[in-house]
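Now for the letters of each chain:
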Amino acid sequence: MNRVFLDHAATTPVHPKVLETMIPYFSQKFGNASSLHSFGQEAYQAVEKARESLARLLNADSREILFTGSGTEADNLALRGVAAKMKARGNHIITSAIEHHAIGHTTAYLEKLGFQLTYLPVNQYGQVDPENLRQTITENTILVSIMHANNEVGTIQPIAECSSIAHERGVLFHTDAVQTVGNIAVDVKSLGVDLLSLSAHKFYGPKGVGALYLRKGVPLEPLILGGSQERGIRAGTTNVAGIVGLGRAAEIALAELPQRVQHNHALREQLIDRLERNLSDFQLTGHRSERLPGSVSICVQYIEGESMLLYLDQEGFACSSGSACTSGSLEPSHVLLAMGIEPGLAQGSLRISLGHDNSVENVNDFCRALLVVVERLRAMSPFKKKGGF
Ligand SMILES: *Cc1c(COP(=O)(O)O)cnc(C)c1O
């Protein structure tokens, strides 16, 4: 069966050019980047080149890039690193109600350690209100962390406005930009952020490698102790091949970004248009325009997202219900609930995330399959509405 991947918010395939660039670093160029001999220096140079490529994509300085083992690790390092370093100054941290678990579970852990957390609410489109942030900042606030774009509904946050409000009060600002880096333009200077997390596998790089942008002069306590890699902030023998892959993915993203955005945006609008014309009793979730170009998220009335997902998989279409990390549990997504979507409707959530490997034909085939699957499930549904769709 011809399988179609429509789950690019969960991960992306490694770009063939990225793979090609990585391969020698598993074989001939296997050196430890900390070694002084030529094997080591060859690896070191490659890592530093990748650091420069990534810095260029973000409009940062290469000395402001720290490589990590994932986006999750970058999020942990940002929050726990700032919290540990700044705890003498204050213990209040502000975040949003719709963060990825990499942030949400870390802030819950920080609460157990005695930090005070404020979870900013979002409106029906999944956006925080910058004025609300302003009112929440206290003398004790040390950090604000708000994600750039949400992984479930695709909504993009007003980060530049929020970071300037934080800075007026001398508070550091972090953003989880794992969904945006490599997919839309991300410029650390125009966003005005002090820390920013990203992950290679969300933009055609390999899994198991991420990075934290740390603005020059921002203090941070390390999480992992050991050697002096990554300026002593992230010890552990350097993942040379992974980092080389991340750097190459950043170069390709920089070169192809406008086409990537245009391609995904066109497919997204085509998909939304087809759904609006053919599917009944559903709701597009997230912001209509302030959203990731390739993100379509919907809630379908009278059926359950997991069943839709499994039936679609049988038809060869891979998408997601809520977030991949929460599938397997039938808890409605915390993101949809925070947006005020009632739990019954939130159960019927489906996320389609498009990528550069998708075509117009994929979208048309998917729509056809979705209509059949929804009809079949509604026919079996105890909450069924008479007349089908
Ligand atoms: C995927 C994702 C992460 C986690 O990144 P990993 O590299 O998979 O650990 C964190 N935040 C967001 C918003 C994500 O989409």
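Worth saying up front: this structure is predicted, and the values here are computed from it rather than measured. (Residues numbered from 1 in each chain as written. Predicted model: local features only at pLDDT ≥ 70, side-chain atom pairs only at ≥ 80, totals over all residues. Heavy atoms only, no water.)

(A) The overall build of the protein chain, seen in detail. Helix and strand content of the protein chain: 12 helices and 12 strands. Overall size of the protein chain, expressed as C-alpha extent along the three principal axes, is 70 × 55 × 35 Å. Classification of the 389 residues of the protein chain by burial places 55% in the buried group. Sequence separation of 24 or more characterises 73% of the internal contacts of the protein chain that already satisfy a separation of 6 or more. For the protein chain, the accessible area works out to roughly 16200 Å², and carbon and sulfur atoms hold 53% of it. Averaging the positions of the 35 positive and the 39 negative side-chain charges in the protein chain gives two centres separated by 2 Å. (Helix = DSSP H or I, 4+ residues; strand = E, 2+ residues; numbered from the N terminus. Buried < 20%, exposed > 50% of the residue type's maximum accessible area, 1.4 Å probe, protein only. Contact = heavy atoms within 4.5 Å. Areas by Shrake-Rupley, 256 points an atom, 1.4 Å probe, with all protein chains shown as cover. Lys, Arg positive; Asp, Glu negative; His and termini not counted. Charge placed at Lys NZ, Arg CZ, Asp CG, Glu CD.)

(B) Region of the structure containing the site of the ligand. Taken together, 13 residues surround the ligand, and among them Thr72, Asp176, Gln179, Ser199 and Lys202 come closest. One of the backbone N or O atoms of Gly71 is found 2.8 Å from an oxygen atom in the ligand. In the environment of the ligand, an oxygen atom lies 2.6 Å from a nitrogen or oxygen atom belonging to the side chain of Ser199. Alone, the ligand offers 380 Å² of accessible surface; in the complex the protein occludes 89% of this. The dominant element in the shell around the ligand, judged by the number of residues it contributes, is helix H3 (residues 71-86), at 3 residues. A class-by-class count of the residues in the shell around the ligand yields 2 nonpolar, 8 polar and 3 charged. (Near = heavy atom within 4 Å. Polar contact = N/O pair within 3.5 Å; in protein donor to acceptor, adjacent residues only side chain to side chain. Nonpolar A, V, L, I, M, F, W, Y, C, P; charged D, E, K, R; others polar.)

(C) Summary view of the packing of helix H2 (residues 38-58) against helix H8 (residues 240-278). Between H2 and H8, the least distance of the axes is 8 Å, while the angle of their chain directions is 35°. Of the two elements, H2 crosses H8, and the hand of that crossing is left-handed. Residues Ala43, Ala46, Val47, Lys49, Ala50, Ser53, Leu54, Arg56 and Leu57 of H2 pack against Val240, Ile243, Val244, Leu246, Gly247, Ala250, Glu251, Ala253 and Leu254 of H8. In terms of residue class, the contact of H2 with H8 is made up of 13 nonpolar, 2 polar and 3 charged. (Axes fitted to C-alpha atoms, helices over the stretch in contact; angles between N-to-C directions. Left-handed = near helix turned anticlockwise from the far one by under 90°.)

(D) Just the packing of aromatic side chains, in detail. With the rule as written, the count across this model stands at 2 aromatic pairs. A centroid spacing of 5.4 Å and a plane angle of 45° characterise the contact between Phe30 and Phe39, whose relative ring orientation is tilted. Residue Phe30 is classed as exposed on the basis of its relative accessible area, which comes to 54%. When its relative accessible area of 39% is taken as the criterion, Phe39 is described as partly exposed. With a centroid separation of 5.8 Å and 70° between ring planes, the pair formed by Phe317 and Phe366 is classed as edge-to-face. A residue pair is termed long-range when its members are at least 10 positions apart, and Phe317 in strand S11 (residues 317-318) and Phe366 in helix H12 (residues 360-380) qualify at 49 residues. Looking at Phe366, the relative accessible area reads 1%, which means it is buried. (Phe/Tyr/Trp six-rings, centres within 6.5 Å; stacked < 30°, edge-to-face > 60°.)

(E) Quick peek at the nonpolar core. If you look at the biggest cluster of nonpolar residues, it comprises 65 residues, and the most contacted ones within it are Leu54, Leu58 and Leu196. Broken down by element, this core gets its largest block of residues, 9 residues, from H8. For this core, the domains that each give at least three residues are domain 1 (4-11 + 258-380) and domain 2 (16-253). For Leu196, the residues in contact, after removing those within four places along its chain, are Leu58, His174, Thr175, Ala177, Val181, Val186, Val188, Leu191, Ala211, Leu212 and Tyr213. Residues Leu275, Leu312, Cys319 and Leu377 belong to the second largest nonpolar core, which totals 28 residues. (Core = buried A, V, L, I, M, F, W, Y, C linked by side-chain atoms within 4.5 Å. Domains from an automatic or database assignment.)

(F) The arrangement of the pattern of salt bridges in detail. The tally for this structure, following the rule as stated, stands at 19 salt bridges. A salt bridge links Glu251 to Lys49, with the nearest nitrogen and oxygen atoms 3.4 Å apart. Taken together, the residues Glu251 in helix H8 and Lys49 in helix H2 connect sequence positions 202 residues apart. The exposure class assigned to Glu251 is partly exposed, which follows from its relative accessible area of 24%. Where Arg268 meets Glu269, a salt bridge forms, and the shortest distance between an N and an O atom there is 2.9 Å. Residue classification places Arg268 among the buried residues on the basis of a relative accessible area of 3%. Judged by relative accessible area, which is 24%, Glu269 ranks as partly exposed. A single network of salt bridges, built from pairs that share partners, joins Glu48, Arg51 and Glu230. (Salt bridge = Lys/Arg side-chain N within 4 Å of Asp/Glu carboxyl O.)

(G) Spotlight on the packing of helix H9 (residues 305-314) against H12. Two numbers describe how H9 lies on H12: the axes approach to 10 Å, and their chain directions differ by 130°. Put simply, H9 runs oblique to H12. Judged by the twist between their axes, the crossing of H9 over H12 is right-handed. Packed against H9, whose contacting residues are Ser307, Met308, Tyr311 and Leu312, the element H12 presents Phe366, Ala369, Leu370, Val373, Val374, Arg376, Leu377 and Met380 at the interface. Split into classes, the residues belonging to the contact of H9 with H12 amount to 10 nonpolar, 1 polar and 1 charged. (Parallel < 35°, antiparallel > 145°, perpendicular 65-115°, else oblique.)

(H) Examining the pairing of strand S4 (residues 116-120) more closely. The pairing of strand S3 (residues 92-96) with S4 spans 5 bridges and is classified as parallel. Pairing of Thr95 across the sheet is with Tyr119, part of S4. Note on the crossover from S3 through helix H4 (residues 101-112) to S4: the handedness is right-handed. (Pairing = 2+ DSSP bridges. Right-handed = clockwise from strand over helix to strand, strands pointing away.)

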